[in-house]
Amino acid sequence: MSDDEKGFATRAIHAGFEPDPQTGAVNVPIYASSTFAQDGVGGMRGGYEYARTGNPTRTALEANLAALEGGSYGRAFSSGMAATDTALRAMLRPGDHLVIPDDAYGGTFRLIDKVFTHWGITYSTVAVDDPTAVRDAITDATKVVWIETPTNPLLNIADIAAIAEVSQEAGTKLVVDNTFASPYLQQPLALGADVVLHSTTKYLGGHSDVVGGALVTNDAELHDAFGFLQNGAGGVPGPFDAYLTMRGAKTLAVRMEQHCTNAEAVVDLLAGHSAIATVIYPGLDEHPGHDVAKRQMRRYGGMVSVRLAGGRQAALDLCARTEIFTLAESLGGIESLIEHPGAMTHASTAGSALEVPDDLVRLSVGIEDTADLLADLEQALG
């Protein structure tokens, strides 16, 4: 049975590695070697010569991630930002233009606005929940349309298939940051995307113990370009990082189900609370992107954003008062986290068109007992 014929959970557990023929080990070994013996000059054993160029543990992870996204090729990186940087440098040249969300992740915006613009790259921001606006933002110089869905932190939903059609008509490449949804909930390549990006630090790793990134594609030319920069610039994960990420990916299916179940319960609580002005969650019927999310996602995810009725101070107070929800950046781990994007993950957008509301709180809902999470939020809002 090919990987394509297997279910998601089966691929998550088995894709990328067969039990070791010599020892029977069912988990991929951690190949902690910086170099590999060669059988004569240029005679590489299994294609390995130097660990920056390739490592068997990383190779297994890359195959696993590609299988989870239904892609042909995967590349693993030392962080989500290393993957972002590689994708942009592989696809853009001075004078080129790209389109990004008007509520993009702060790190992505910072890299493009503070670094790539110095190298002659221009960009436009657009509401990714409007394919017509995306089409209108594309110019003759546009080479890349870069979207997140759901977006970070406002949880807007982009219609991947519709934007893929717009991108193909314009001759641009479509990159989808699938970090918030994870490959369990959403498959952008099947909907027409050219590249899928992940911060594997988040749901794929899932345990807040490893930093990483990934690019998955069906395009062999792009895969080679990513590989050249992966090796040439060196933003690669070490073997232990690759092992931890692959270990986390094995339980992605069961974890995502509980993340979603807990998030839905949190939404039910907060939607009726007097301290909350707005609950932002794609699973709500009133969410503008609900119908699209229902069509392209398995469930609606573990991320919930809220705006506080009492404004910024109320948002800061909520972040300070939770006990199980830990005040911390990042997301997608088994533990629940809470943060104030305007002062934390998205501080780099202050004063720009991407600045987030100062009354906004972002919740990464973990997999703890549902009742405990609800009780924690009730006391923090009380």
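Not measured: the values here are computed from a predicted model.

**Considerations on helix 8 (residues 220–233)**
(1) Moving on: Taking 1.5 Å per residue, 14 residues should reach 20 Å; helix 8 reaches 20 Å between its end C-alpha atoms and fits that length.
(2) Moving on: Next to the buried residues of helix 8 lie helix 2 (56–68), strand 1 (73–77), helix 3 (80–91), strand 5 (173–177), strand 6 (195–198) and strand 7 (213–217).
(3) Moving on: Capping of helix 8 at its N-terminal end is provided by Asp-219; its side-chain oxygen lies 2.9 Å from the backbone amide nitrogen of Glu-221.
(4) Moving on: After helix 8 finishes, the residue Gly-234 shows a positive phi value of roughly 85°.

**A short note on the UniProt feature "modified residue: N6-(pyridoxal phosphate)lysine" (unreviewed entry) in the protein**
(1) Moving on: Taken from the UniProt record, the annotation "modified residue: N6-(pyridoxal phosphate)lysine" (unreviewed entry) applies to Lys-202.
(2) Moving on: Structurally, Lys-202 is set in the loop between strand 6 and strand 7.
(3) Moving on: Setting aside anything within four residues of it in sequence, one finds Lys-202 in contact with Thr-179, Ser-330, Leu-331 and Gly-332.

**What to know about the packing of aromatic side chains**
(1) Moving on: Within this structure, the stated rule accounts for five aromatic pairs.
(2) Moving on: Between Phe-8 and Tyr-184 the ring centres are 5.2 Å apart and the planes differ by 70°, which places this aromatic pair in the edge-to-face class. Pair noted here: Phe-8 is in helix 1 (residues 8–14) and Tyr-184 is in helix 7 (residues 182–185), with a separation of 176 residues, a long-range link. Judged on exposure class, the residue Phe-8 and its partner Tyr-184 are both buried.
(3) Moving on: Taken together, a centroid distance of 6.2 Å and an interplanar angle of 85° make the contact between Phe-109 and Tyr-123 edge-to-face. With Phe-109 in helix 4 (residues 106–114) and Tyr-123 in strand 3 (residues 122–126), the pair connects residues that are 14 residues apart, well separated along the chain.
(4) Moving on: Its relative accessible area of 4% is what places Phe-109 among the buried residues.

Cut-offs and rules
- Residues numbered from 1 in each chain as written.
- Predicted model: local features only at pLDDT ≥ 70, side-chain atom pairs only at ≥ 80, totals over all residues.
- Heavy atoms only, no water.
- Helix = DSSP H or I, 4+ residues; strand = E, 2+ residues; numbered from the N terminus.
- Expected span 1.5 Å × (residues − 1).
- Contact = heavy atoms within 4.5 Å.
- Polar contact = N/O pair within 3.5 Å; in protein donor to acceptor, adjacent residues only side chain to side chain.
- UniProt positions renumbered as here; feature names shortened; annotations may be inferred.
- Phe/Tyr/Trp six-rings, centres within 6.5 Å; stacked < 30°, edge-to-face > 60°.
- Buried < 20%, exposed > 50% of the residue type's maximum accessible area, 1.4 Å probe, protein only.

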